[in-house]
Amino acid sequence: MASLSFIIGLIGNIISLLVFASPIGTFMRVVKKKSTENYKAIPYITTLLSTSLWTFYGLLKPGGLLIVTVNAAGAVLQFVYVTLFLIYAPKNIKVKSMKLVGIFDVFFLGTVIGVALGAIHGSLRLTIVGIICAVLTIGMYAAPLSSMRMVVKTKSVEYMPFLLSFFLFLNAGVWSVYALLVKDYYVGVPNAIGFVLGSAQLILYTIYKNKSPSPSSTKSNEEREEEGSTNLIKNAIEMQQGHDKDDPKSINRSLHKGSSLPKSSISRQYTVNKLAKTRSLCNPYELRYGPDHDYDVENGRSSAQ
């Protein structure tokens, strides 16, 4: 049984290292572009905390060599990721990320280790550290829940990479078996939960992988803004045309000027976003003659200012 648990633990080490190494491509891109773009630091900061605490737990636990090796390697990789992020992040994000590193990876980690070694003794020390590690691991496995919600909402697996989901599922399954063999509940419980969540992700992937996303979910922000702006302009034109029909003097003026709506004036003086914000939408006279004219409603005259 001991030999079987060692083999399972060794397989778990290999899979976990693949999971920990998965962001390497991301950070190669960061270094190449010298920018963190839209990537967030919090996943790497919290994973650094988790792997560091699991390394400490493995050192406290008799026979915890396999837990130490994989998590120590993971902690080194996460430290490299966090360091690269801090180097290439914009100044404002860098400051916020450094604060998070100070809170989680220095203060919290140091407090747990210091209290565990100085104030807690015997089996209680392993229990408390094990509970903290289990909670952090459950949080790590629960993080993809937002991606799962997005998949259901958009009916698209674009936001849930298959390989990452598969390796997290496999990792949780192997470590659950290992924990069962060595009777380690602090390793077993969070990984069993991770195995269930990983299974749910793969089921969702199977359901939605061949389904096309709904049109509303695939529209970009620019397309939505353009569509909204087009409707605003359309409403303004209809409003102006309605006024022309009700006002015979306006029709005569339009014939005299050769156009009922000076489009060149609009495109020259207003951007689409300004048009949505200014009073020209609720004032057909200003839309008709432009912002540099005064319009006398009673006498039907306009004059340049």
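Here, the structure is the one placed above.
Residues numbered from 1 in each chain as written. Predicted model: local features only at pLDDT ≥ 70, side-chain atom pairs only at ≥ 80, totals over all residues. Heavy atoms only, no water.

Observations concerning the overall build of the protein chain
Worth spelling out the cut-off: For the purposes of this entry, the term helix denotes a DSSP run of H or I that reaches at least four residues, the term strand denotes a run of E that reaches at least two, and both are numbered from the N terminus. Think of it in three bands: residues with accessible area under 20% of the maximum for their type are buried, residues over 50% are exposed, and the middle band is partly exposed, with areas taken using a 1.4 Å probe on protein chains only. Every residue pair with non-hydrogen atoms within 4.5 Å of one another is taken to be in contact. Note on areas: these come from Shrake-Rupley sampling with a 1.4 Å probe, and a residue is covered only by the protein chains present in the view.
Assigned secondary structure in the protein chain consists of 15 helices and two strands. For the protein chain, the proportion of its 305 residues judged to be buried stands at 37%. Across the protein chain, contacts joining residues at least 24 apart in sequence account for 70% of those joining residues at least 6 apart. Approximately 18,000 Å² of the protein chain is accessible, and the part contributed by carbon and sulfur atoms is 66%.

Brief notes about the side chain of Asn71
Position of Asn71 among the secondary structure elements: in helix α4 (residues 65-88). Under the relative-accessibility criterion, Asn71 is labelled buried at 9%. Filtering out sequence-adjacent residues up to four positions away, Asn71 remains in contact with Phe20, Thr51, Trp54 and Thr55.

Some points on empty space enclosed by the protein
Heads up, the condition is: The way it works is a 1 Å grid over only the protein atoms, where trapped points that fit a 1.4 Å probe form a cavity and open points with protein on both sides within 12 Å along at least five of seven lines form a pocket, and then any residue with an atom within 4 Å of a point lines it. Grid points are joined across faces, edges and corners, and a volume is the space filled by probe spheres set on the points. Put simply, Ala, Val, Leu, Ile, Met, Phe, Trp, Tyr, Cys and Pro go in the nonpolar bin, Asp, Glu, Lys and Arg in the charged bin, and everything else, Gly too, in the polar bin.
Going through the model one piece at a time under the given rule, you end up with one cavity of 30 Å³ or more. The computed volume of the largest cavity comes to approximately 30 Å³. Around the largest cavity sit Tyr141, Pro144, Leu168, Phe169, Gly194, Leu197, Gly198 and Gln201, which together line it. Secondary structure elements with two or more residues in the lining of the largest cavity: α8 (162-182) and α9 (185-208). Element by element, the count of residues in the lining of the largest cavity is highest for α9, at four residues. Classifying every residue of the lining of the largest cavity by side-chain character gives five nonpolar, three polar and no charged.

A closer look at the layout of surface pockets
Considered as a void within the structure, the largest pocket measures approximately 1,500 Å³ in volume. Every residue lining the largest pocket is counted, 46 residues in all, and those nearest its centre are Pro43, Thr47, Met140, Leu164 and Leu168. Of all elements in the fold, only α1 (2-21), α3 (42-60), α4, α5 (91-118), α6 (123-142), α7 (145-154), α8 and α9 reach the threshold of two or more residues within the lining of the largest pocket. Here the lining of the largest pocket gets eight residues from one element, more than from any other, and that element is α3. The residue inventory of the lining of the largest pocket, partitioned by class, reads 26 nonpolar, 18 polar and two charged.

Some words on the packing of α3 against α5
Note the cut-off: The axes used here are C-alpha line fits, helices contributing only the stretch in contact, and every angle between their N-to-C directions lies in the interval 0 to 180 degrees. Convention used here: angles under 35 degrees read as roughly parallel, angles over 145 as roughly antiparallel, angles from 65 to 115 as roughly perpendicular, and any remaining angle as oblique. Left-handed describes a crossing whose near helix is turned anticlockwise from the far helix through less than a right angle; right-handed describes the clockwise counterpart.
One way to put it is that α3 packs onto α5 with a least axis distance of 10 Å and a crossing angle of 15 degrees. Considering their axes alone, α3 and α5 lie roughly parallel with respect to each other. In this structure, α3 meets α5 at a crossing whose hand is right-handed. Contacts from Ile42, Ile45, Leu48, Leu49, Ser52, Leu53 and Phe56 of α3 reach α5 at Ser97, Leu100, Val101, Phe104, Asp105, Phe108, Leu109, Val112, Ile113, Ala116 and Leu117. Within the contact of α3 with α5, the residues separate by chemical class into 15 nonpolar, two polar and one charged.

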